[in-house]
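# Structural features, examined
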There are 2 protein chains.
Amino acid sequence: MNSPRGLMKHRFPQASPQARPRLRRPTAHDVARVAGLSQSAVSRAFTPGASISDDARLKVLAAAQTLGYRPNMIARSLITERSGTIGLAIGYMENQFYPAILEALSTEFAAAGYRLLLFTQGPRDDSDPLLDEVLRHRVDAVILASVRMTSKFAEECSKAQVPVVLINRRTEAEIASSVTGENRIGAQAIAAFLVAGGHQRFAYMAGLEDSSTSREREEGFSEGLGALGQPAPLRVVGNYDFEAARAGTKRLLLRKQPPDAIFCANDHMAFAVIETARSEFGLTIGRDISVVGFDDVALAAWPSFMLTTYSQPIQPMVHRLVEITLQHIEQGGGDPIRDIVPGALIIRTSARLPQ
Amino acid sequence: MNSPRGLMKHRFPQASPQARPRLRRPTAHDVARVAGLSQSAVSRAFTPGASISDDARLKVLAAAQTLGYRPNMIARSLITERSGTIGLAIGYMENQFYPAILEALSTEFAAAGYRLLLFTQGPRDDSDPLLDEVLRHRVDAVILASVRMTSKFAEECSKAQVPVVLINRRTEAEIASSVTGENRIGAQAIAAFLVAGGHQRFAYMAGLEDSSTSREREEGFSEGLGALGQPAPLRVVGNYDFEAARAGTKRLLLRKQPPDAIFCANDHMAFAVIETARSEFGLTIGRDISVVGFDDVALAAWPSFMLTTYSQPIQPMVHRLVEITLQHIEQGGGDPIRDIVPGALIIRTSARLPQ
DNA sequence: TTGAAAGCGCTACCAC
DNA sequence: GTGGTAGCGCTTTCAA
């Protein structure tokens, strides 16, 4: 085995001999020489709270400017033990919800002085090497936005003393902090709304079976229906995947007694349901059949969909997540925090209205 | 001015006194001690090509395993002058094209041993601080996927001796490498297709005015129309933005002589056109009016849209981009490479067919 | 193949 | 407020 734990597949290339004679990048010493000050002064000029005279700082900054000097975060990180980077695991980018989360995370963390180091999960489940690589980069924390094997990742991070925070999912055991939407409450509200709309036959389209989010929404939905004297909904699995959701829709609509209301574990699958019901079964959404999602992504408001859904407001969720993450970083650990950010039932026209 | 060049807004927090007594992370020395070998041996065990006996490497790996040791990339980077990270500037995440690019980039670069350091551009144009931050992290290269002020960024990177590669855009001057689609050829093909379809009044919906991509597509479209004896198209600006595109659509359709064919600089705006034409003007797409996009994102194939478009195949584009980037890294610069990846006219039903 | 030793560029601590 | 100095955890000579 040439490659320990399968992690060292890559060798960084050596600069070839004929390469352009790349100038050595200026260091703090170079700047100090030009500014006529010590290297310590240069360091202080680039450190916010440091005690340095305006005069000295200006000299350093001027010298830095002319030399094109930029403090080396790598060197700084080595001594401060903080890289200023946050590892972000994210996937399912076809579902609009995650690109939006990514953008918000990047902005919020940037404002706090951190940058995101991305790692996406490939088709295979070889979670280990990826996380391992990221941990080697000494990220100050890890955010798990959408991955398989969440618990395993979370465990490995805490073993490595790196704070983990999940968004839109949680671990079974209370081992990691998380920020989620109102899965149970939202699903209950949807159940009540659909029952009030006079629907008779309900179906639930699940996401990934091992997803806490999908499970909680399913439980809330079933509870909500049960509380109103309705039987448990039909059930089909869409795995958060567009094509799988289309297939599931067909199975549902081909039944002798097809459902008249389908609640999907997220908007992304709800779109698949709408597209399929409309194009392959000729149904009019909101009249022949009601479809409800969860998330309230931008697409949900487009005229073609007008999707009734339960919102998971991205700004507040991300804001909370960043707060929690920074807190863990500052405390060097601390007890897990599991936060629920309130959403709201967004009523559009994809589901028949009460009365 | 307490914060030089506006970059030092953040101070990393000090671990508070009451923080959990976080164990020091194991270093190569610790592993060496346990393995009964030198620290050099540990280094070699984790370096692919290094000359070390199987026996020694196994001992090191075992010791590393028990201690939970992970080589510190920060320290390694300091000496090797390579961080193993690539800066990625990306925005417009609402346009499906970019999340897809992001995912593909992450995967391809991961396979080559690199990770992505993200930076997204906020609403303001203060490009400098962001790029500066990323450059401080000593990224091995920078990818510009969708930003304003591309040229400025590109210039700053090359000044800092960091390779830059653009995707889906290029700089006016040949200062940076780029990978783009067949903007001109594709737009010409679309013009020919629409003319063959018997359309009479053409319109072009532009993206951002300073975008090379939008300009090239517009030129190609006009050339294509002109070559077939058609006048220049009407023109409206959508800035790659959904709402702006909706507004532009209204302006177009409210004219005394509305166009019967609209070519949009990208799919994202084409969806806005379709939604608006359908919901606010009651038009049937592909019959009353033809709409064509550019990119061929996943949404374009949904039954609700069936968008005729010119494809920009993400896998090949990203693959080329990674090749070019690695080449620049290995050569330590080199001449700019401007690559065009072929696409194809994807005919669906949003535009009337010839005959 | 191995170990000792010299830094990589910076921060942090110490005197002054 | 300032400059010297000792490392941070590694890679990379160089001898052995």
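What you are looking at is a predicted structure, and each value in this text was computed from that prediction instead of being measured. (Residues numbered from 1 in each chain as written. Chains lettered and ligands numbered in written order. Predicted model: local features only at pLDDT ≥ 70, side-chain atom pairs only at ≥ 80, totals over all residues. Heavy atoms only, no water.)

### Side note on the overall build of chain A
Here is the rule: Working definition: helices are DSSP H or I runs of at least four residues, strands are E runs of at least two. Numbering for both runs from the N terminus. For a compact globule the rule gives 2.2 Å times the number of residues to the power 0.38, and the radius of gyration it is set against comes from C-alpha atoms. Each residue's exposure class comes from its accessible area (1.4 Å probe, protein chains only) as a fraction of the maximum for that residue type: buried when under 20%, exposed when over 50%, partly exposed otherwise.
Each helix and strand counted, chain A has twelve helices and twelve strands in total. Computed over the C-alpha atoms, the radius of gyration of chain A is 26 Å, more than 25% above the 20 Å expected from 2.2 N^0.38 for a compact globule of 355 residues. Dimensions along the principal axes, computed over C-alpha positions, put chain A at roughly 85 × 50 × 40 Å. Taken over 355 residues, chain A has a buried fraction of 56%.

### Quick word on the sheet that holds strand β7 (residues 234–237) of chain B
Residues and elements named next belong to chain B. Spelled out, the test is: Here, a strand pair is defined by DSSP locating no fewer than two bridges between the strands. We call two residues in contact whenever any of their non-hydrogen atoms come within 4.5 Å of each other. Lines fitted to C-alpha atoms define the axes here, with helix axes fitted over just the stretch in contact, and angles between the N-to-C directions of these axes take values from 0 to 180 degrees.
Pairing is mixed in the open sheet, where six strands are placed in the order β7-β6-β8-β9-β10-β12. On the outer flanks of this sheet lie β7 and β12 (345–346), each paired with one strand and no other. In this structure, strand β8 (residues 261–264) lies alongside strand β9 (residues 290–295), joined through three bridges in parallel fashion. Bridging across to β9, F263 finds its partner in V292. Sitting on the sheet, helix α8 (residues 183–196) touches β6 (202–206), β8, β9, β10 (308–311) and β12, and the angle it makes with β9 is about 165°. Helix-sheet contacts for helix α11 (residues 267–281) involve β6, β8, β9 and β10, and the interaxial angle to β9 is about 160°.

### Examining the protein's contact with DNA strand C
Stated formally: Residue proximity to a molecule or strand is established when one non-hydrogen atom of the residue lies within 4 Å of it. In protein, a polar contact means a hydrogen-donor-capable atom and an acceptor-capable atom, both N or O and within 3.5 Å, with residues adjacent in sequence counting only if both atoms are side-chain atoms; elsewhere, any N or O pair within 3.5 Å suffices. Note that Gly is not counted as nonpolar here; it falls among the polar residues with everything else outside the nonpolar set of Ala, Val, Leu, Ile, Met, Phe, Trp, Tyr, Cys and Pro and the charged set of Asp, Glu, Lys and Arg.
What surrounds DNA strand C is a group of 25 residues, the closest being A28, Q39, S43 and Y69 of chain A together with R44 of chain B. S43 of chain A is positioned with one of its side-chain polar atoms (N or O) 2.4 Å from a phosphate oxygen of DNA strand C. Within the side chain of R76 of chain A, a nitrogen or oxygen atom sits 3.0 Å from a phosphate oxygen of DNA strand C. Looking at the surface near DNA strand C, the elements that each hand over two or more residues are α2 (39–45) and α4 (73–80) of chain A together with α2 (39–45) and α4 (73–80) of chain B. Counting residues per element, the surface near DNA strand C draws most heavily on α4 of chain A, which supplies five residues. When the residues that make up the surface near DNA strand C are grouped by side-chain class, the tally is twelve nonpolar, ten polar and three charged.

### Describing the sheet that holds strand β3 (residues 141–144) of chain B
Pairing is mixed across the open sheet formed by twelve strands, whose spatial order is β11(A)-β5(A)-β4(A)-β3(A)-β1(A)-β2(A)-β2(B)-β1(B)-β3(B)-β4(B)-β5(B)-β11(B). Strand pairing shows two members of the sheet lacking a second neighbour, β11 (338–340) of chain A together with β11 (338–340) of chain B, which therefore form its edges. Going across the sheet, the axis of each strand differs from the next one's by a mean of 20°, ignoring polarity.

### What to know about the environment of E172 of chain B
All names here are of chain B. Residue placement: E172 occurs in the loop between β4 (164–167) and β5 (177–180). As for E172 and A111, which are separated by 61 residues in sequence, their C-alpha atoms are 32 Å apart. Discounting chain neighbours no more than four positions away, the residues touching E172 are S151, R215 and R338. Reaching out from E172, the side chain makes a polar contact with the side chain of R215 at a distance of 3.0 Å.

### Some thoughts on the interface of chain A and chain B
Short version of the rule: As a working definition, buried area equals the accessible area (1.4 Å probe) given up by two parts on being put together, with both sides summed. In the sections that follow, a salt bridge refers to a side-chain nitrogen of Lys or Arg positioned within 4 Å of a carboxyl oxygen of Asp or Glu.
Each partner contributes to the interface: chain A provides 85 residues, whereas chain B provides 85 residues. Summed over both sides, the interface between chain A and chain B buries roughly 8,300 Å², with carbon and sulfur atoms accounting for 58% of that surface. Inspection of the region where chain A meets chain B yields six salt bridges. Between D132 of chain B and R70 of chain A there is a salt bridge, with its nearest N and O atoms 2.8 Å apart.

### Looking at the pairing of strand β8 (residues 261–264) of chain A
All names here are of chain A. Heads up, the condition is: Seen with its strands pointing away from the viewer, a crossover is right-handed if its path from the first strand over the helix to the second goes clockwise.
Of the two faces of β8, the one carrying A261 and F263 and the one carrying I262 and C264 are both buried. Taken together, the four bridges between strand β6 (residues 202–206) and β8 define a ladder with parallel strand orientation. Across the sheet, residue F202 finds its bridge partner in β8, namely A261. After leaving β8, the chain enters helix α11 (residues 267–281) and then returns to the sheet as strand β9 (residues 290–295), a path that is right-handed.

### Points about unusual backbone geometry
Of note in the backbone geometry, N239 of chain A takes a positive phi value of approximately 55° without being a glycine. Along the chain, the position of N239 of chain A falls in the loop between β7 (234–237) and α10 (242–253). A positive phi angle is found at Q355 of chain B, which is not glycine, with a value near 70°. By the element assignment, Q355 of chain B lies in the segment after β12.

### So, helix α12 (residues 314–331) of chain A
All names here are of chain A. Counted only if it meets this: The length a helix should cover is 1.5 Å for every residue beyond the first.
In this model α12 runs 26 Å from its N-terminal to its C-terminal C-alpha over 18 residues, within 8% of the 26 Å that 1.5 Å per residue would give. All buried positions along α12 are accounted for by I314, M317, V318, L321, V322, I324, T325, L326, H328 and I329. Next to the buried residues of α12 lie β1 (85–89), α5 (97–111), β3 (141–144), β4 (164–167), β5 (177–180) and β11. In the segment just after α12, G332 is the residue with positive phi, at about 65°.

### Thoughts on the packing of aromatic side chains
Residue and element names in this part refer to chain A. Cut-off, in case you're wondering: The pairing test for Phe, Tyr and Trp rings, Trp by its six-membered ring, is centres within 6.5 Å, and the orientation test on the planes gives stacked under 30 degrees, edge-to-face over 60, and tilted for anything in between. A positively charged side chain is recorded as over a ring if its NZ (Lys) or CZ (Arg) lies within 6 Å of the ring centre. The angle to the ring normal must also be within 35 degrees.
Scanning the entire structure with this criterion turns up 33 aromatic pairs over all chains. Relative to Y310, the ring of F294 lies with its centre 5.4 Å away and its plane at 35°, an arrangement referred to as tilted. Here F294 is found in strand β9, whereas its partner Y310 is found in strand β10 (residues 308–311), with 16 residues between them in sequence. Take Y310: its relative accessible area is 5%, and that puts it in the buried class. Sitting over the face of the ring of F294, R217 holds its NZ or CZ atom 3.8 Å from the ring centroid.

### Examining the pairing of β4 of chain A
Residue and element names in this part refer to chain A. Judged by which residues are buried, β4 turns out to be covered on both faces: V164 and L166 on one side and V165 and I167 on the other are all buried. Read from β3 through helix α7 (residues 150–159) to β4, the crossover connection turns out right-handed. Sheet topology places β4 next to β5; three bridges connect them, and they run parallel. Counted as the bridge partner of I167 is V179 from β5.

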